[in-house]
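Spelled out, the chains give:
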Amino acid sequence: MAGDSVALTRDERIDQRTRNPKWQNIPVRIEMLECINCDACLRACPPNFGAIFNHGADVVIIPELCSGCDKCLPACPVDCIYPDPDWTSETAPDDWWGLPRTDADPYV
Ligand code: SF4
Ligand code: SF4
């Protein structure tokens, strides 16, 4: 059963919309009021996670794809990426899931 398997690859995480439960670190989020949409974080996120996307005028992080590796934090010129301890599986709006594996996906 796909629903019972652990989402080890990015493709599986996208299909199942689940985080890898073995990841110890909580995901991070972008404070949109502070973000200047420079895309530096997007380029810093390792492709095997590939969690950051342009979404209209915003830059967003899909928490299920974010391992909490913190590689995007030093890339941000305005320090507006924060840990997201309040993350729940409902955090990412449905339309964010339309971004991976499309022309909008910078990691494929
Ligand atoms: S913490 Fe790591 S996985 Fe999460 S968005 Fe930043 S670079 Fe990507
Ligand atoms: S690096 Fe910071 S300011 Fe630039 S897009 Fe990412 S969150 Fe926004």
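See above for the structure.
Rules used in this analysis
- Residues numbered from 1 in each chain as written.
- Chains lettered and ligands numbered in written order.
- Predicted model: local features only at pLDDT ≥ 70, side-chain atom pairs only at ≥ 80, totals over all residues.
- Heavy atoms only, no water.
- Pairing = 2+ DSSP bridges.
- Helix = DSSP H or I, 4+ residues; strand = E, 2+ residues; numbered from the N terminus.
- Near = heavy atom within 4 Å.
- Nonpolar A, V, L, I, M, F, W, Y, C, P; charged D, E, K, R; others polar.

**Overview of the pairing of strand S2 (residues 52-55)**
Two faces belong to every sheet, and in a regular strand the side chains alternate between them. Pairing of S2 with strand S3 (residues 58-61) involves four bridges; the strand directions are antiparallel. When the sheet's bridge partners are listed, asparagine 54 is paired in S3 with valine 59.

**Section: the site of ligand 2**
Contacts to ligand 2 come from 14 residues, most closely from Cys35, Cys38, Asp39, Cys41 and Cys76. Along the lines of polarity and charge, the residues of the shell around ligand 2 split into twelve nonpolar, one polar and one charged.

**With respect to the site of ligand 1**
Around ligand 1, the structure places Val28, Cys45, Pro46, Phe49, Ile52, Cys66, Ser67, Gly68, Cys69, Asp70, Lys71 and Cys72. Across the shell around ligand 1, the residue classes tally to eight nonpolar, two polar and two charged.

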